Amino acid sequence: MRLSVAEKELHHLDYPFKTLPAMKVAKLAVDEAARQKYRGVGTYMLHQAAQIAWACNDAYFAARFLPVDADVEHDEGVLAFYEKNGFAPNAELTNRKRKTISMRLDLYR
Ligand SMILES: CC(C)(COP(=O)(O)OP(=O)(O)OC[C@H]1O[C@@H](n2cnc3c(N)ncnc32)[C@H](O)[C@@H]1OP(=O)(O)O)[C@@H](O)C(=O)NCCC(=O)NCCS
């Protein structure tokens, strides 16, 4: 994934590279009935995604960030959900029509 110069500074990344290794959360959803019955399932799945990325890193793959395209077209509240889980909006890659907002979680913050 790409980060701006300011974002790289924020993460203390002194790399000359334009792109940084990442493992993307492509789709995330909790069944409506389960959402009403239990709290924290979405948060749990994000923790699981981070665990998978850390496990891959242990096996010599590389992921510094978990990016996600937050689907604000259907529910603006997902931004708050991701922020509560440590994600920050990215300066780049926000969909022009604001259907999604690109966000990232630093796996080693
Ligand atoms: C977004 C989603 C995955 C969150 O899963 P979840 O199991 O409901 O979330 P959690 O119970 O782990 O919520 C963690 C916190 O985020 C908040 N939160 C969760 N979904 C939220 C929403 N849509 N709007 C505002 N806040 C939300 C919760 O209130 C909770 O806050 P708290 O800790 O202060 O109580 C789930 O609501 C969902 O499947 N939504 C429909 C599909 C979708 O929009 N997916 C994301 C696409 S990028």
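Placed above this text is the structure.
All values derive from a computational prediction rather than experimental measurement.

So, on to unusual backbone geometry. Not every positive phi belongs to a glycine, and His12 is a case in point at roughly 55°. Mapped onto the elements of the fold, His12 is located in the loop between helix H1 (5-10) and helix H2 (32-37). Residue Tyr60 is not a glycine yet carries a positive backbone phi of 75°. Following the sequence through the fold, Tyr60 ends up in the loop between helix H3 (41-58) and strand S1 (65-71).

Moving on, we come to the site of the ligand. Every one of the 19 residues lining the ligand counts as a neighbour, but Ala29, Gly42, Thr43, Gly77 and Phe81 are closest to it. Per-element accounting of the shell around the ligand gives the leading share, 4 residues, to helix H4 (residues 78-84). Residues of the shell around the ligand, tallied by class, amount to 9 nonpolar, 5 polar and 5 charged.

How each quantity is defined
Residues numbered from 1 in each chain as written. Predicted model: local features only at pLDDT ≥ 70, side-chain atom pairs only at ≥ 80, totals over all residues. Helix = DSSP H or I, 4+ residues; strand = E, 2+ residues; numbered from the N terminus. Near = placed C-beta within 6 Å. Nonpolar A, V, L, I, M, F, W, Y, C, P; charged D, E, K, R; others polar.

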